[in-house]
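Remarks on the overall topology
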Amino acid sequence: MKNAEPKAIFLKDYQAPSFEIESTHFTFDLYEEYTLVTSILKMKQTQNQPAPLELNGQDLELMWVKVNDQILSEDQYALQDESLTIAALPDDFTLSIQTKIKPQENTALEGLYKSSDMFCTQCEAEGFRRITYFLDRPDVMSVYTVHITADKSAYPVLLSNGNLVATQDESDGRHSATWHDPHKKPCYLFALVAGDLQHIEDTFTTMSGVDVTLRIYVEPQNIDKCDYAMGALKRSMKWDEEVYGREYDLNIFNIVAVDAFNMGAMENKSLNIFNSSCVLANPKTATDATFQRIEAIVAHEYFHNWSGNRVTCRDWFQLSLKEGFTVFRDSEFSADMGSRTVKRIEDVSLLRTAQFAEDAGPMAHPILPASFIEISNFYTLTIYEKGAEVVRMIHNILGESLFRKGSDLYFERHDGQAVTTEHFVKAMEDASGKDLSQFRHWYHQAGTPELWVSDSYNESAQTYALTIKQTCRDTSETDIKKPYHIPFAIGLLDSAGKDLTLSCNSSAFNDATQVINVTQHEETFEFEGVKTAPVPSMLRGFSAPVKLNYDYQPEQLMHLMAHDSDGFNQWDAGQTLATSVILSLSQDVLAGTDLKMDENLLAVYAKWVAELSDDLAKQAQMLSLPSLAYLIEQQPQAQVHALYTARTFVKQAISDKLHNEFNEIYVACQVSGPYEPTHDAMAKRTLKNLCLQYMIQAQSKDYSAIAQTQFEMADNMTDQYTGLSALVNSNHQEKAQKALASFYEQWKEDVLVTNMWLSLQAASDYIDGVAGANALLSHPAFDIKNPNKVRAVIGAFAGQNLRHYHAQDGLGYNWLADRIIELDALNPQIASRLLGPLTKWKRIAQPNSSKMKQALEKIASRGNLSKDVYEVVSKSLAD
Ligand code: TRP
Ligand code: ZN
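Residues numbered from 1 in each chain as written. Chains lettered and ligands numbered in written order. Predicted model: local features only at pLDDT ≥ 70, side-chain atom pairs only at ≥ 80, totals over all residues. Heavy atoms only, no water.

**Some points on helix H27 (residues 867–878)**
When the terminal C-alpha atoms of H27 are compared, their 16 Å separation across 12 residues agrees well with the 16 Å that a helix rising 1.5 Å per residue should span. Regarding H27, the residues found buried are Asp868, Val869, Tyr870, Glu871, Val872, Val873 and Ser876. Tucked into the core, H27 has its buried residues touching strand S23 (371–372), helix H23 (811–824), helix H24 (828–834), helix H25 (836–839) and helix H26 (848–860). (Helix = DSSP H or I, 4+ residues; strand = E, 2+ residues; numbered from the N terminus. Expected span 1.5 Å × (residues − 1). Buried < 20%, exposed > 50% of the residue type's maximum accessible area, 1.4 Å probe, protein only. Contact = heavy atoms within 4.5 Å.)

**Regarding the packing of helix H15 (residues 679–695) against helix H16 (residues 704–713)**
Close contact between H15 and H16 brings their axes to 9 Å; oriented N to C, the two are set at 140 degrees. With respect to H16, the element H15 is oriented oblique. Where H15 crosses over H16, the two elements pack in a sense that is left-handed. Facing Lys688, Asn689, Leu692 and Met695 of H15, the residues of H16 in contact are Ile706, Ala707 and Gln710. For the contact of H15 with H16, the class distribution of residues is 4 nonpolar, 2 polar and 1 charged. (Axes fitted to C-alpha atoms, helices over the stretch in contact; angles between N-to-C directions. Parallel < 35°, antiparallel > 145°, perpendicular 65-115°, else oblique. Left-handed = near helix turned anticlockwise from the far one by under 90°. Nonpolar A, V, L, I, M, F, W, Y, C, P; charged D, E, K, R; others polar.)

**Comments concerning the nonpolar core**
Residues Phe28, Leu95, Phe488, Ile654, Leu838 and Ile859 are the most contacted members of the largest nonpolar core, which totals 284 residues. In terms of domain composition, this core takes at least three residues from each of domain 1 (23–220 + 235–274) and domain 2 (461–563). The residues contacting isoleucine 859, other than those within four sequence positions of it, are Ala817, Ile820, Ile821, Leu835, Leu838, Leu865, Val869 and Val873. (Core = buried A, V, L, I, M, F, W, Y, C linked by side-chain atoms within 4.5 Å. Domains from an automatic or database assignment.)

**Regarding the site of ligand 1**
Taken together, 15 residues sit near ligand 1, with Glu124, Ala265, Glu267, Glu301 and Tyr384 positioned nearest. A distance of 3.2 Å separates a nitrogen atom of ligand 1 from a polar side-chain atom of glutamine 122. Within the contact set of ligand 1, an oxygen atom lies 2.5 Å away from a side-chain nitrogen or oxygen of tyrosine 384. With the chains in place, 97% of the 370 Å² that ligand 1 exposes on its own is no longer accessible. Of the residues belonging to the shell around ligand 1, the class tally is 6 nonpolar, 4 polar and 5 charged. (Near = heavy atom within 4 Å. Polar contact = N/O pair within 3.5 Å; in protein donor to acceptor, adjacent residues only side chain to side chain. Areas by Shrake-Rupley, 256 points an atom, 1.4 Å probe, with all protein chains shown as cover.)

**A few points about the packing of aromatic side chains**
Evaluated as defined, the whole model comprises 45 aromatic pairs. Ring geometry for tyrosine 605 versus tyrosine 694: centroids 6.4 Å apart, planes at 70 degrees, classification edge-to-face. Taken together, the residues span a long stretch of sequence, with tyrosine 605 in helix H11 (residues 599–608) and tyrosine 694 in helix H15 at a distance of 89 residues. Look at tyrosine 605 and you get buried, because its relative accessible area is 3%. A connected cluster of aromatic rings, assembled from ring pairs, spans Trp239, Tyr244, Tyr248, Phe253, Tyr302, Phe303, Trp306, Phe325, Phe333, Tyr410, Phe411 and Phe424. The aromatic ring of tyrosine 228 is capped on one face by arginine 235, whose charged end is 5.4 Å from the ring centroid. (Phe/Tyr/Trp six-rings, centres within 6.5 Å; stacked < 30°, edge-to-face > 60°. Lys NZ or Arg CZ within 6 Å of the ring centre and 35° of its normal.)

**Concerning the coordination of the zinc ion (ligand 2)**
Bound to the zinc ion (ligand 2) are the protein donor atoms His300 (NE2), His304 (NE2), Glu323 (OE) and Glu323 (OE), situated 1.9 to 2.7 Å from the metal. One can describe the donor arrangement at the zinc ion (ligand 2) as irregular, given that its 6 donor atoms subtend angles of 48 to 159 degrees at the metal. One chain supplies every donor to the zinc ion (ligand 2), and in sequence these donors are spaced H-x3-H-x18-E. Taken together, the positions of histidine 304 in the loop between helix H2 (288–303) and strand S22 (312–313) and glutamate 323 in helix H3 (residues 319–337) put the pair 19 residues apart, joining distant regions of the chain. With a relative accessible area of 1%, glutamate 323 lands in the buried category. (Donors = N, O, S within 2.8 Å, 3.2 Å for Na, K, Ca; no water. Tetrahedral: all angles 85-135°; square planar, octahedral: opposite > 155°, others 65-115°.)

**Quick word on the pattern of salt bridges**
The full count for this structure, using the stated rule, is 46 salt bridges. With a closest N to O distance of 2.9 Å, arginine 329 and aspartate 240 form a salt bridge. Taken as a pair, arginine 329 in helix H3 and aspartate 240 in helix H1 (residues 227–244) lie far apart in primary sequence, 89 residues in all. Assessed through its relative accessible area of 1%, aspartate 240 is described here as buried. Across the salt bridge formed by lysine 875 and glutamate 871, the nearest N and O atoms sit 2.8 Å from each other. Within this pair, lysine 875 and its partner glutamate 871 are both found in helix H27, separated by 4 residues, close to a single helical turn. Glutamate 871 sits in the buried class, given a relative accessible area of 0%. (Salt bridge = Lys/Arg side-chain N within 4 Å of Asp/Glu carboxyl O.)

**Remarks on the domain arrangement of the protein chain**
Split into domains, the protein chain comes out as domain 1 (23–220 + 235–274) and domain 2 (461–563). For domain 1 and domain 2, the distance between their C-alpha centres works out to 51 Å.

Structure, rendered in structure tokens:
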């Protein structure tokens, strides 16, 4: 361990800052060997009692420090590993500091670093302290002026936040630029970019008539991959005006694409920095899925301008204040751009596989955590996705127009402030008049609540009663779990599949759907005037992030699949049916008995593949089996291989029975004309390529030539890649290897496409286990310093290739442990994220479980672990 035993910090210890920084002036002198950072800070004490000033700093070389132009001698300040403390300061003063840093050696990719040949920054959450000594906390907000000097030919473009106020040629072939951002901001939103970049430009006129210049900066080879993101940005700006009344607040908005980036993108004020994989696309190089990801992430970062930047977080415990709300906003935006039902299905799938797993594991935490060791470990599915679900529940409880009143009040009341989740809930409460006191438990309790539902129909009284019990597993942050306030949307279907008009004393969504407020450990709700025994459609639209337990009969599920007016529940009924079939087959696998395909499930698939429906994107979802990751979550100690075998058997059986029908849909869904990333065209391709996946598994007919032709003839990456992927995940391995080789030859100059090529192989059923993964690691296309490549090989093998990662000999776990140890010395954030697949050790059956634990122990036994890895490993082993 670096610092013996890293300590946790606690929300309850929060104290307001003792100093204000009224304005900042920074000079960055960028050189190849080092960078000099000079700051001039106008500061003020905020408390009555003068306090010592403790500035954060990490891996910095201090050149000098001045107070009111007087250089301090070494006895006038205290320099520690991660701080610089100055005592005895006047009430008002100017603090000036110079530090020397080495961005070119920064492999952690926090603070100022180099990606390819350009300089760029990533300051959230606590990266600014790697640039200079500063009050690196989000409740210290200041106005920034940034002066950058660099060699003019190597770095012709110099960018920072706000407006460009001056440029100048300097001596020795250098030049400079000065940027000024009029909006106060915390330092985590600071950004700087210097490089040899090209850009595309467009304009957006805001609702009050202000013209905003929009630019996307990229390395020259990527200039033909910017248009889609530009369109997405304009759609986002428009949507935020229409749906939230939020207008952009500067005359310029820049996006920069960088190859080396720890996360997806960053919302720095007016200078968003994007992982190139989340912004660059054209039809030849990007799949439909990539186009959709880009639209969502561009929107997400743009929406942060209000939910995050104008109103920011008081401290990092409040992270979900900006992330949960912004994910909710971007997911509603995506729903409005495409199929609302399918967007909901995608979001809930992610939540139920990955977030529920997190909530069931050793890193479980409330969306408002009470403590952490390393904040970077808390950029989690819980903070983001569960946080978004909590905002969605408020939306469900208040309804559309009161929710809008609440968000208006929140933005107006707290504009320019650094606040807490409590301020958000209070604004929603004040604007709506609804009592959210019990609802607040969602912020403080971890774990996924479970609902246990039973029902009874009384024919003579014509009543239908629903008894709902709620439970939640113990988690470390609370002694006793208080009952949650759960908005439970329900509809009742009659035997013809029609929705009954409901009367139950609670607020209605519409006539057919009621939202019941579940608030007790156990309670019973009664519906009156129910003429026949209904089929309940529960938790419509997934109205709360809970696990639902109800003993559905296959006929009921098939009834819901055929008739439910709620598209999400229609899909979910199919998932429930398929899940129960696969889980029960997995028991047969373990018992060694013959596997027999379930006729109900076959019939359902036969129906959904019989003809084209009116929503092709939804149809593709209806025809998709639950993922192996989802199935694993359904068992307390998962038998991964039995589940894999059972799922593969079901897929095979569906394919053998229905390949002709799949082929017909495949043909019917060919998209003619040039590629367009429109939602209709994407839906067609998604369904078509899903059909291909089934066809290629057929044993009675060889469809590999169709996949190969699609791969060879495609004029767009979606079709080329899915053709390739169908071959790679089939037993036509000779064709697959040839196609992989020709794909690499064609695309080896394109970093992003090459990464797709790596991850396709790393996640393939047919990879030669750890040996195959090692071959990818030693391929020239791999680079351990680039997080996208780490994710493409190590992340894909451990996170997606569950069959090989969970090999019974434990070699997959040991291999991952070695990669994490290697990476921790370079990039702790990425190393720590890769631990995810090991933390689940208690949820996997023996003998694997012990072998996963051994891999964690191997990491724990190393000296010198980063805080990031230390926190996750120690919590996982203590669980
Ligand atoms: N705020 C970013 C977002 O939009 C998250 C982020 C980007 C981040 N880069 C990071 C978080 C690096 C931690 C470290 O969600
Ligand atoms: Zn975000």
